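# Chain and residue survey
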Amino acid sequence: VHTILGILRYLQAVWPLEECPDEAMVPLLAFLAAALPGEWHHARAWNEMTLGSTGHNWWVAELGAIWKAGFLFPELRGFAQFGALFPQFFEREIRILSFPDGFTHECSVSYHIGTLDLFLDMARLARMNGLQPSPMFEERLKRWAEVEWKLIQPNGNYPAFGDCHDLEPVLLPRLRVLAAMLGIPEAKYVAQKLDPDGTSRYGRMLINPLYYPSAGEDFSEALRALKARAPERPDTCLPDAGLYVMRSGWSRTSDYAAIDATQKGNLVTSHGHGAVFDCMFASRGRIITVGNGKGPDVGLDEPSRAWRLQSQAHSVATVDGADHVPMRSIYRFAAHVVPTVDSWHSERSFAYFSGAHEAYERLERKVPACRRKLFYLRNRYWILIDRFTVAKPAEDQHTYRQHFQLAPDARILPDGRVVTEGQGGNMLFCPLPGCCGTPSLAPCPWPIDGYYNPHQLVFTQAEKVGHSLMVMLMVPFKDCAIPDVTFSLADVEADERALPPWEATGLEIIVNGRRDVYVDQHMAWNLPWRCAGHKGGGRLFHSRCKSL
């Protein structure tokens, strides 16, 4: 795989150069003629057994290269027939491989970027030679590209969900190029906010060295002609794919949270990992929680690879140490999980996510639902709630954990809170007394050069009987100015009784002297309630958010 792709890209890069004589290309053309029949034999043998029924980027990687060989060199024996692949085959592929909101089914932003580059290269070559992709193809290509500015972190990188590779800010140097190529005014706006000096190189078509090692077109004139436009909201919702982002703004010092609610299990999701509702956080622009990357491309007998696929290697909640979606090989899941996102709000003063999954229904002592809620009061704090519903609350005993993959150094405070350290943004983790676990902090068990090797922050509720609740207040701050925080339960009265926190969680939050009250009704019903001097009838309340 990629042999033909690499040769053709090299030819495109060097053949136009003055110092490259035509005769120097003869050995490469000979190799191309010899290699293509074998690669075509390999490509045409792929089917649903190998790649699944909903596509995979290898179709585009290999067959896209075979089409390009036939398009560029129809004079070579047997090559001309492959010109028939465009546009029909690839129009089907771009529709199959991506959700209507633009994200790939493969559950990895890194692979999303690589596959986008393959489509962009194909469309660019076609247009330059008089072939016009259909309006559907162009629209889907634009949506695919828009995903990048919608998901970008304050440091210019992507949230590293699933199989990912890069620690460098991959998305930032691409934004201006994509804005100019496809006419995306929001991408230009975000690029200007995150890189106001314009130091990113945009005279090259795309920057990813895996796909474009050579210089491409100069899009500077098209970029100047494009008027930047601010996104309507700071948040992102990709409901078809299941990706959600909350942020305080578009600057390099913004707070940020991303949630992975993608479905897992079918073959096309093979670049995802066995974790549902994984979260990536940034405080004042500094990345706090991270992904563990792809690891070596080996089997599950290699711990450094196998561990990165497991739930405990992500910022998620687990039950009894079991994975959400167990793996049977590095690219095959042994179960299917389709999470339900029942609530998403993006308002001026707050953002709110609520979703549940049934991954632990398969356990011998069943846990029919695990719910994760994330409330963000902009510029102030996050409230993270993990709620566990057991099948036999009077009998079943479970161990519940909240996992966080920390990029910066951290320490556990005497009161059980945890604080990150270092210059720039930091985070104070405040577990709720009565609805929390015992903290532990350990180094990454399988560090690898070239990847994040995060500290393992875990809060554990051991051997607890019945339903359970874990609540975490996460307060961003800068440098060493740790905020003064008081965090406690507040009684919620409704239905002529005091509701237990598992039914309705009332919180009293005081940060640096400012008092807030939060109420989250977890049950489907809503009745009039009273809590800490406030009253209401809705399922969600915050004393500072009038829009609620």
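Below or above, wherever it landed, is the structure these notes cover. (Residues numbered from 1 in each chain as written. Predicted model: local features only at pLDDT ≥ 70, side-chain atom pairs only at ≥ 80, totals over all residues. Heavy atoms only, no water.)

### Examining the overall build of the protein chain
- For the protein chain, the count of helices and strands is 11 helices and 27 strands.
- In terms of overall dimensions, the protein chain is globule-like: its C-alpha atoms have a radius of gyration of 25 Å, near the 24 Å expected for 548 residues.
- Residue burial in the protein chain is summarised as follows: out of 548 residues, 58% are buried.
- Considering only intrachain contacts with a sequence separation of at least 6, the fraction spanning at least 24 residues in the protein chain is 66%.
- Considering the protein chain, the positive charge centre built from 56 side chains and the negative charge centre built from 61 side chains are found 5 Å apart. (Helix = DSSP H or I, 4+ residues; strand = E, 2+ residues; numbered from the N terminus. Rg over C-alpha atoms; globule rule 2.2 N^0.38 Å. Buried < 20%, exposed > 50% of the residue type's maximum accessible area, 1.4 Å probe, protein only. Contact = heavy atoms within 4.5 Å. Lys, Arg positive; Asp, Glu negative; His and termini not counted. Charge placed at Lys NZ, Arg CZ, Asp CG, Glu CD.)

### Some words on the pattern of salt bridges
- As enumerated under the stated definition, the model contains 23 salt bridges in all.
- Arg 174 is the partner of Glu 148 in a salt bridge, and the nearest nitrogen-oxygen pair spans 2.8 Å. Taken together, the residues Glu 148 in helix H7 (residues 135-151) and Arg 174 in helix H8 (residues 172-182) connect sequence positions 26 residues apart.
- Assessed through its relative accessible area of 2%, Glu 148 is described here as buried.
- A salt bridge links Asp 195 to Arg 176, with the nearest nitrogen and oxygen atoms 3.0 Å apart. Taken together, the residues Asp 195 in the loop between helix H9 (185-194) and helix H10 (220-225) and Arg 176 in helix H8 connect sequence positions 19 residues apart. Summarising the burial analysis for this pair, Asp 195 and Arg 176 share the class buried.
- Salt bridges here are not isolated pairs; linked through shared partners, they connect Asp 117, Glu 148 and Arg 174. (Salt bridge = Lys/Arg side-chain N within 4 Å of Asp/Glu carboxyl O.)

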